[in-house]
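Coordinates in review
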Amino acid sequence: MPADTQKITMQLDADTRFSAAAGGAGRYFADAAGLANSAVSDLQSAIVAVCNQELERIKDSGQRLEVTVTKSPDRIEVVMKRRAANGGPGKDSAEQGRIAGVDRVQHETQAEMVITRLTKYVGEEVSAG
């Protein structure tokens, strides 16, 4: 990992009140990257909303949601991992698309894990606009 890359990893119990922690980590990195206040707030809101969805899916299962927020020179990436329900991606694959506040949304299943990745690109061309 390059020296200018920072990462925060957390494991959240299935309680949506913990979504604020993931959103706060994203907000911290977005502010440090120099994004405009509106972009910082939009990213935080997107992280909290998606985290809430994922935590609702694992409620009453005893699972934890693993959330990793990474700031690289050109992006902020939020990766959420949980065990797949019923052995497959189910409706997760149909939800791939756009979410306000992020530039890219990806859903995938690897082995028994469902992974949601949110990406917000940062840099001179983004902060200048």
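None of these values were measured; they are calculated from a predicted model. (Residues numbered from 1 in each chain as written. Predicted model: local features only at pLDDT ≥ 70, side-chain atom pairs only at ≥ 80, totals over all residues. Heavy atoms only, no water.)

1. Some points on the sheet that holds strand β4 (residues 104–110)
Stated precisely, the cut-off is as follows: Only strands that DSSP links by at least two bridges are regarded as paired with each other. Each helix is a run of H or I in the DSSP string that is no shorter than four residues. Each strand is a run of E no shorter than two, and both are numbered from the N terminus. Note on definitions: angles span 0 to 180 degrees between N-to-C directions of axes, and those axes are lines fitted to C-alpha atoms, for helices only across the stretch in contact. Contacts are residue-level and defined by heavy atoms, with any inter-residue pair within 4.5 Å sufficient.
Spatial strand order, β1-β2-β3-β5-β4: five strands in an open sheet with antiparallel pairing. At either end of the open sheet lies a strand with only one pairing partner, and these are β1 (6–13) and β4. Taken pair by pair, the neighbouring strands of this sheet meet at an average axis angle of 15°, ignoring direction. The pairing of β4 with strand β5 (residues 113–121) spans seven bridges and is antiparallel. The residue bridging His107 from the neighbouring strand is Thr116, located in β5. Helix α1 (residues 19–32) rests against β1, β2 (64–72) and β3 (75–83) of the sheet, and its axis sits at about 0° to β2. Helix α2 (residues 37–58) rests against β1, β2, β3 and β5 of the sheet, and its axis sits at about 10° to β3.

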